[in-house]
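Reading the structure
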Amino acid sequence: MKKRVFSGARPTARQHIGNLLGAIDNYVKLQNDYDCVYCIVDIHALTTLQETDKIQGYIRDLALDWLAAGIDPQKSIVFVQSHVPEVTELQTYLGMMTPLSWLLRVPTFKEKAKAQPDNINYGLVGYPVLMTADIILYKAEVVPVGEDQLPHIELAREIVRRFNLQFGETFPEPKGVLTSFPTIPSLTGKSKMSKSEEGSTIDIAHTAEETSARIMTAVTDPARKFRKDPGHPEVCNIYSLHKYFTPSEVEKIGTDCRAAAIGCVDCKKLLAKNMNESLAPLRAKRLELAAKPDYINKVLADGAERARIIARETMKEVRHKIGLS
Ligand code: SF4
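Keep in mind it's a predicted model, so treat the numbers as computed, not measured.

Position of C236 among the secondary structure elements: in the loop between α10 (208-216) and α11 (237-245). Look at C236 and you get buried, because its relative accessible area is 10%. Spatially, the C-alpha atom of C236 lies 35 Å from that of D72, the residues being 164 residues apart in sequence. Residues in contact with C236, not counting those within four places in the same chain, are T220 and D221.

Right, let's talk about the site of the ligand for a bit. Lining the immediate environment of the ligand, one finds T220, D221, R224, C236, I238, Y239, C257, C264 and C267. Of all the elements in the fold, those that place two or more residues in the shell around the ligand are α11 and α13 (264-290). Taken together, the residues of the shell around the ligand sort by class into six nonpolar, one polar and two charged.

If you trace the backbone, N276 turns up in helix α13. Assessed through its relative accessible area of 13%, N276 is described here as buried. Reaching out from N276, the side chain makes a polar contact with the side chain of R283 at a distance of 3.0 Å. Here N276 is in contact with A208, T211, S212 and R283, once residues within four sequence places are set aside.

Right, let's talk about the layout of surface pockets for a bit. In this structure, the second largest pocket encloses a volume near 310 Å³. Lining the second largest pocket we find 17 residues, and of these Q91, Y122, G123, G126 and V129 sit closest to its centre. At the level of elements, α2 (42-45), α4 (86-95), α5 (100-104), α7 (122-125) and α8 (127-137) are the ones that each hand at least two residues to the lining of the second largest pocket. Within the lining of the second largest pocket, the residues separate by chemical class into nine nonpolar, eight polar and no charged.

A few words on α11. Because an α-helix completes one turn every 3.6 residues, residues spaced three or four positions apart along the sequence face the same direction. Counting buried positions along α11 yields seven of nine residues, so the element is predominantly enclosed. N237, I238, Y239, S240, L241, H242 and F245 are the residues of α11 that are buried. In this structure, the buried side of α11 is in contact with α1 (17-30), α10, α12 (250-258) and α13.

What follows is about the packing of aromatic side chains. The final tally for this structure, using the stated rule, is seven aromatic pairs. A centroid spacing of 4.5 Å and a plane angle of 20° characterise the contact between Y27 and Y38, whose relative ring orientation is stacked. In this pair, Y27 sits in helix α1 while Y38 sits in strand β2 (residues 35-40), placing the two residues 11 residues apart along the sequence. Assigned by exposure class, Y27 and Y38 land together as buried. Summarising the aromatic geometry, the rings of Y27 and W66 are spaced 5.8 Å apart at their centres and angled 80° between planes, so their arrangement reads as edge-to-face. Here W66 lies in helix α3 (residues 55-69) and Y27 lies in helix α1, a separation of 39 residues in the sequence. Looking at W66, the relative accessible area reads 0%, which means it is buried. Following the ring pairs from residue to residue traces out a cluster consisting of F6, F79 and Y138. In this arrangement the basic side chain of K112 is found over the ring face of Y127, its NZ or CZ atom lying 5.5 Å from the centre.

Moving on, we get to empty space enclosed by the protein. In total, this model carries one cavity of 30 Å³ or more according to the counting rule given. There is about 110 Å³ of room inside the largest cavity. R224, C236, C257, C264 and C267 are the residues nearest the centre of the largest cavity, which is lined by 14 residues in total. Looking at the lining of the largest cavity, the elements with two or more residues in it are α11, α12 and α13.

The next thing to look at is the nonpolar core. Grouped together as the largest cluster of nonpolar side chains are 54 residues, with contacts concentrated most on I17, Y38, I40, W66, L241, M275 and L300. Of the residues forming this core, the biggest block, 10 residues, is contributed by α3. Excluding residues that lie within four positions of it along the chain, M275 makes contacts with I17, I202, T211, I215, L241 and F245.

A separate point is the packing of α11 against α12. Viewed as axis vectors pointing N to C, α11 and α12 meet at an angle of 160°, and their least axial separation amounts to 9 Å. Accordingly, the angle class assigned to the pair α11 and α12 is roughly antiparallel. In terms of crossing hand, the pair formed by α11 and α12 is right-handed. Residues Y239, H242 and K243 of α11 lie in contact with α12, whose contacting residues are V250, I253 and G254. Along the lines of polarity and charge, the residues of the contact of α11 with α12 split into three nonpolar, two polar and one charged.

Burial of strand β4 (residues 142-145) is two-sided: the residues V142 and P144 facing one way and the residues V143 and V145 facing the other way are all buried. Taken together, the four bridges between β4 and strand β5 (residues 175-178) define a ladder with parallel strand orientation. The partner of V143 across the bridge, within β5, is G176. After leaving β4, the chain enters helix α9 (residues 150-167) and then returns to the sheet as β5, a path that is right-handed.

Definitions and limits used
- Residues numbered from 1 in each chain as written.
- Predicted model: local features only at pLDDT ≥ 70, side-chain atom pairs only at ≥ 80, totals over all residues.
- Heavy atoms only, no water.
- Helix = DSSP H or I, 4+ residues; strand = E, 2+ residues; numbered from the N terminus.
- Buried < 20%, exposed > 50% of the residue type's maximum accessible area, 1.4 Å probe, protein only.
- Contact = heavy atoms within 4.5 Å.
- Near = heavy atom within 4 Å.
- Nonpolar A, V, L, I, M, F, W, Y, C, P; charged D, E, K, R; others polar.
- Polar contact = N/O pair within 3.5 Å; in protein donor to acceptor, adjacent residues only side chain to side chain.
- 1 Å grid on protein atoms, 1.4 Å probe; cavity = no way out; pocket = protein on both sides within 12 Å on 5 of 7 lines; lining within 4 Å.
- Points joined across faces, edges and corners; volume = space filled by probe spheres on them.
- Phe/Tyr/Trp six-rings, centres within 6.5 Å; stacked < 30°, edge-to-face > 60°.
- Lys NZ or Arg CZ within 6 Å of the ring centre and 35° of its normal.
- Core = buried A, V, L, I, M, F, W, Y, C linked by side-chain atoms within 4.5 Å.
- Axes fitted to C-alpha atoms, helices over the stretch in contact; angles between N-to-C directions.
- Parallel < 35°, antiparallel > 145°, perpendicular 65-115°, else oblique.
- Left-handed = near helix turned anticlockwise from the far one by under 90°.
- Pairing = 2+ DSSP bridges.
- Right-handed = clockwise from strand over helix to strand, strands pointing away.

Structure representation (structure tokens):
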């Protein structure tokens, strides 16, 4: 029996190359060694997404990005969170045994509360409980995470321990596996590439022309004002991207930058060319899939059906153990 992996992504915007290099490529690799469950977590999206009329479009985009990148619906379960309503029932039961103090200390809750002080909703504080329900509904043992998600997994483990202690061994304690998620810097030069920052990303779905235009206007080393000024590649986001898209020449680019032997315009043109070449097959596949809306609907419907078979079994056991059956 292969171990089960669970992971999810919020459909709040199109996926960008930070998501591709940091998470999606890893999802594709995991399919060979694990029984993978990949979920488009639309209920989670509601904690921050106000324009809910856009959510179906984002779900579709996310499914296209995943499938085009190589997530195989024959190997993995790919589905939408709200299509398996058992998850909200489990969230309710887990909520009854999760002390509020555990939730209020989660760093991402504090950050989100600061970012949207006028909308500190109940869902925001309960986010890790729903996330725990997502994982354990499928009895997943492995959760690929970035470092910022580790406190959520630790909390999920605490909730599982509490449930198992009170009602008997039911769920495996999920383990957060830190993958070597590279931090892809924002094109604006601030922090990491993020869908919440305007102009920060290159989306998987961008055309080659859009990609080139975004790269050409990206912020580079702020201290390099003129072509003759030596640069500092270690602080330049274009250089960071060359590490992934121009690996064989990255050392020379760094040396040339420091010696002012290459200008930022040429450096950016080289990156745009290499990035577009590298993403071309994925983008072609995405266009091909986008022309078949019925296929995407079928993948998500099949995924939900397979997920529900597991979810129904888990909830039968949970209700029985709690004493609700
Ligand atoms: S030459 Fe390249 S690496 Fe150096 S600052 Fe300009 S864009 Fe960045």
